Amino acid sequence: MAVVFDKDVCNEVRNKFLALPAAEDLSKYYSEDVERVKEDDVYVSRFLTHQKEDKTEAAKMIDSVFTWRKENNIRDLDYSKDPDHVLTCLYYRNTDPDGEDIMWIEPKFFDKNKREEFQKYLMWLVENRTKAKECSRLTVVLALDGVGLTEVDVDFVKYFINLFMYYSPDTMKKLVVYNMHWLLNGIWKMVSLLLTEDAKKRVFFVKNKEIFKHIHEKSVLSVCGGPDEGSFKPN
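Computed from a predicted structure; not experimentally measured.

What counts, and at which threshold
- Residues numbered from 1 in each chain as written.
- Predicted model: local features only at pLDDT ≥ 70, side-chain atom pairs only at ≥ 80, totals over all residues.
- Heavy atoms only, no water.
- Helix = DSSP H or I, 4+ residues; strand = E, 2+ residues; numbered from the N terminus.
- Contact = heavy atoms within 4.5 Å.
- Polar contact = N/O pair within 3.5 Å; in protein donor to acceptor, adjacent residues only side chain to side chain.
- Buried < 20%, exposed > 50% of the residue type's maximum accessible area, 1.4 Å probe, protein only.
- Phe/Tyr/Trp six-rings, centres within 6.5 Å; stacked < 30°, edge-to-face > 60°.
- Lys NZ or Arg CZ within 6 Å of the ring centre and 35° of its normal.
- Pairing = 2+ DSSP bridges.
- Axes fitted to C-alpha atoms, helices over the stretch in contact; angles between N-to-C directions.
- Salt bridge = Lys/Arg side-chain N within 4 Å of Asp/Glu carboxyl O.

(A) The environment of Asp41, seen in detail. Tracing the backbone through its elements, the reader meets Asp41 in helix α3 (residues 41-50). For the pair Asp41 and Lys7, spaced 34 residues apart in the sequence, the C-alpha separation amounts to 6.5 Å. In this view, Asp41 contacts Val4, Lys7, Cys10 and Arg14; residues no more than four positions away in its chain are not counted. Polar contacts involving the side chain of Asp41 include one to the side chain of Arg14, which spans 2.6 Å.

See below:
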């Protein structure tokens, strides 16, 4: 579960954010986001945790995240009714040993012609977790078994990394990369340049049954060698 800081600490971050020159015009943000950061200590604490308890950097991150959210129309996205089926190869299913959500991503089904829609759908998934789960973090599984160079959308992977690194504070607990082919090592080295040292510590490369060290066997999907048949089914 996410760490929640003392209200006085959270108030100091709030005041630093509201004192930023960039925050003089609050209309550049969603009003709902501003109200949330004013009232929700759990939410403010996520920024603090993400920035290693540096209050000034947490305040700056609030500004950059809120600006990004408005520019990308995050609160206006809606895939609750009949999304394009291929988009649903990104999905939540089961929980990790700490009881927190698992997001499964199956890149072999990506359609590069729909990259923008995949990006929006990912944003919507992260944004629209149930209220009970908002204060917890995610285990993300990148299912790469059978995925080669031709199936990898490097730009989407970069977007995915940036989303969790810079625009979703303290959301991703760990990234489990399952059965990555050695041919993808070069691509990963390029992508890993985007990661901070702390983020790199959250990435785990696993082969076959090694995934059970991170997720209970009964909760592992068949796409990653587990018993749960709830993996994405292409049309």
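The structure having been displayed, the exposition proceeds.
(B) Inspection of the side chain of Gln119 at higher detail. With respect to the helices, strands and loops of the structure, Gln119 is situated in helix α5 (residues 115-127). For Gln119, a relative accessible area of 17% translates into the label buried. When sequence neighbours within four positions are dropped, the list of residues in contact with Gln119 reads Asp155, Phe156 and Tyr159.

(C) Quick peek at the packing of aromatic side chains. Counted under the stated rule, the structure contains 17 aromatic pairs. Arranged with centres 5.3 Å apart and planes meeting at 75°, the rings of Phe160 and Phe164 form a pair that is edge-to-face. Pair noted here: Phe160 and Phe164 are both in helix α6 (residues 154-167), with a separation of four residues, about one helical turn. An aromatic cluster of at least three residues, connected via ring pairs, comprises Phe17, Tyr29, Tyr43, Phe47 and Phe66. In this arrangement the basic side chain of Arg36 is found over the ring face of Tyr43, its NZ or CZ atom lying 3.8 Å from the centre.

(D) Here's a closer look at the sheet that holds strand β5 (residues 203-206). The sheet built from five strands is open, its strands ordered β1-β2-β3-β4-β5 with mixed pairing. Edge positions in the sheet fall to β1 (90-95) and β5, since each has one partner strand and no second. Across the sheet, the axes of successive neighbouring strands diverge by a mean angle of 25°, strand direction being ignored. Note: strand β2 (residues 101-105) against strand β3 (residues 138-143), four bridges, orientation parallel. Residue pairing across strands places Met103 opposite Val140, the latter belonging to β3.

(E) Local environment of the pattern of salt bridges. Applying the stated criterion across every chain, the model contains 22 salt bridges. Between Arg69 and Glu127 there is a salt bridge, and its shortest N-O distance comes to 2.7 Å. Placement of Arg69 in helix α4 (residues 55-71) and of Glu127 in helix α5 is noted, with a sequence separation of 58 residues between them. The class of Arg69 is buried, set by a relative accessible area of 7%. Overlapping salt bridges bring together Asp33, Arg69, Arg75 and Glu127 as one network.

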